[in-house]
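Overview (structure and organization)
Here are the chains, one letter per residue:
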Amino acid sequence: MAKFLKQRGTIDIFDTEALLFQHVVSTCQKQARLFNYKPIIIPTFESTALYTRSTGETSDIVTKEMYDFKDKGGRDIALRPEGTAGVIRSIVENKLYAINDLPLRYYYSGSFFRYERPQVGRYREFSQFGVEVVGSNSYLDDAETILLVKNILNSLNIFEYKVRINTFGNANCRNAHRDKIKEFLKDHIDNLCEDCKNRFIKNPLRILDCKVDKEYIEKLSIPVSLDALDDENKEIFEKTLQILKENDVNFEVDPYLVRGLDYYTGIIYEFDISLKDGKVLTIGGGGRYSSLVKELDGPDLSCVGFGLGINRLVLILQDLYQLEHYNESAKFYIMPFDASSYNIAMIIAQTLRMQNQSVVVETNNKSVGSMFKFASKHNFKYAIMIGEEELTNKLYKVKNLETKEQFFVSLDDIKGGKLNG
């Protein structure tokens, strides 16, 4: 057994799974750029106060899951548990709202940290991709964030998904709904868990998201947020849903949906995907928030954004298509028959790599038979053979390992791109 083992709730990702992981991230980034989002890179740790102030004192992230500690200077530091707070902090600190046209559109990706019970697709260090639209008051941007997720999933060949969607309307509607929930639940407080008794005082909406009291809460006819909407916000929600219908988004209105972060004040949504065994994984979600920029000492700007779990997307793609589907093999395998062939082998390899071709040079002095077995095992498309005759004539034998066709090329041929087809 190895002397050092990875920490509980962390994973090692390597070989084909790492290729799949990178494919998912690059697909998210490519699709975001098609919507004119720009990248933003934020620190992995921030002041603990940033998250307690922005994420909410009643959220599970703050109360149970944050990796927070004092650094050597005695400062309260936390590893980032989510991305929105750090992005908004960066926008405010660097005054990006003042030097760029609004709305700002940023995407981010990287590692995040939550101390929770590890399970399938849920880790203590996990990877996430997210976007934020800052300085937008339009429901069209709400709809576009959902369309972006749809495009990401479709680009990954995931077509069976469901969006659960709800809305608080705006801050005033949300507050009215919160008061109705509190009034309704005051007669049930003794039947709730200790966490929910605390939530009842600070943020009763979070009770709807409780995992402990889930069955009890579902039996109650709790008021829904849609009933607290004014006419304007009812119309906005209907217009948003109409856009989703017209763009073939598979959604259902979930009037009891409450996300785990306290800053949402408008539309909220989550994306669910079913595995082959019927298990449903929530891959992420988002929504509109109206006060976070101002709370972090910036101007009064409304925002919308989402976060997607990369680890869960990787699991889903493995379940749908099997890991081998994402394996990559180098295109060329260069076979030096003896030590005198090494130098030209390296020149040919570098020439091809400068043409964006993937190449493996055999460096371990294998026999010709062993090299062909290796080539077959690793699914190279071409073998380039360099022996005494090839060195003398300066013509190098190329074998198409799929068709078995053989031909000769010079170094000039290779430099001219003859092997790029």
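Please refer to the structure higher up on the page.
The following paragraphs examine the structure supplied in this document. These numbers were taken from a predicted model, which means no experiment stands behind them. (Residues numbered from 1 in each chain as written. Predicted model: local features only at pLDDT ≥ 70, side-chain atom pairs only at ≥ 80, totals over all residues. Heavy atoms only, no water.)

Considering helix H1 (residues 15–34)
- In this model H1 runs 29 Å from its N-terminal to its C-terminal C-alpha over 20 residues, within 8% of the 28 Å that 1.5 Å per residue would give.
- Buried residues in H1 make contact with strand S5 (104–113), strand S6 (125–134), helix H6 (139–155) and helix H12 (310–321).
- Two residues or fewer after H1 comes Asn36, characterised by a positive phi angle close to 70°. (Helix = DSSP H or I, 4+ residues; strand = E, 2+ residues; numbered from the N terminus. Expected span 1.5 Å × (residues − 1). Contact = heavy atoms within 4.5 Å.)

Examining the pattern of salt bridges
- Tallied over the entire structure, the rule returns 16 salt bridges.
- In this structure, the salt-bridge partner of Arg89 is Glu93, at a minimum N-O distance of 2.9 Å. Of the two residues, Arg89 and Glu93 both sit in helix H4 (residues 84–93), four residues apart, roughly one turn of that helix.
- Arg89 sits in the buried class, given a relative accessible area of 18%.
- Glu235 is the partner of Lys239 in a salt bridge, and the nearest nitrogen-oxygen pair spans 3.4 Å. Taken together, the residues Lys239 and Glu235, both in helix H10 (residues 231–246) and four residues apart, mark about one turn of the helix.
- Judged by relative accessible area, Lys239 falls into the partly exposed class, the value being 36%.
- Among the residues examined, Glu235 registers a relative accessible area of 46% and is labelled partly exposed.
- Salt bridges sharing partners connect three or more residues here, namely Arg164, Asp254, Glu270 and Asp272. (Salt bridge = Lys/Arg side-chain N within 4 Å of Asp/Glu carboxyl O. Buried < 20%, exposed > 50% of the residue type's maximum accessible area, 1.4 Å probe, protein only.)

Focus on the nonpolar core
- Val24, Phe129, Leu153, Ile165 and Phe271 are the most contacted members of the largest nonpolar core, which totals 46 residues.
- Take this core: its biggest share by element is seven residues, from H6.
- The contacts of Ile165, once residues within four sequence positions are left out, are Ile146, Phe237, Leu241, Leu244, Phe251, Glu252, Val253, Asp254, Leu257, Ile267, Ile268 and Tyr269.
- Counting 44 residues, the second largest nonpolar core, distinct from the first, contains Val92, Phe112, Leu185 and Leu205. (Core = buried A, V, L, I, M, F, W, Y, C linked by side-chain atoms within 4.5 Å.)

Thoughts on a nonpolar patch on the surface
- A cluster of nonpolar side chains, Phe159, Leu320 and Tyr321, forms an exposed patch at the surface whose accessible area comes to about 270 Å².
- Inspection of the secondary structure assignment puts Tyr321 in helix H12.
- Given a relative accessible area of 31%, Tyr321 falls into the partly exposed group. (Patch = residues over 30% accessible without salt bridge, like charges linked within 9 Å, V, L, I, M, F, W, Y side chains within 5 Å. Areas by Shrake-Rupley, 256 points an atom, 1.4 Å probe, with all protein chains shown as cover.)

Some words on the pairing of strand S12 (residues 332–336)
- Summarising burial for S12: five of the five residues are buried, a large majority.
- In the sheet, S12 pairs with strand S13 (residues 359–361) via three bridges, with the strands oriented parallel. Bridging from a neighbouring strand, Tyr333 pairs with Val360 of S13.
- Crossover handedness for the path S12 to helix H13 (residues 342–354) to S13: right-handed.
- The sheet contact formed by S12 and strand S14 (residues 382–386) spans five bridges and is parallel. From the neighbouring strand, Phe332 faces S14, where its bridge partner is Tyr382. (Pairing = 2+ DSSP bridges. Right-handed = clockwise from strand over helix to strand, strands pointing away.)

With respect to the sheet that holds strand S10 (residues 280–289)
- Sheet architecture is open: eight strands sit in the order S1-S5-S6-S11-S10-S9-S7-S8, paired in mixed fashion. Where the open sheet ends on each side, the last strands, each with one partner, are strand S1 (38–39) and strand S8 (251–253).
- Summarising the sheet, S1 and S5 pair through two bridges and their orientation is parallel. Paired with Lys38 across the strands is Tyr106, a residue of S5.
- Across the sheet, H1 is in contact with S5 and S6; its angle to S5 comes to roughly 165°.
- Those strands touched by H12 are S6, strand S9 (267–274), S10 and strand S11 (303–309), and its axis lies near 145° from that of S10. (Axes fitted to C-alpha atoms, helices over the stretch in contact; angles between N-to-C directions.)

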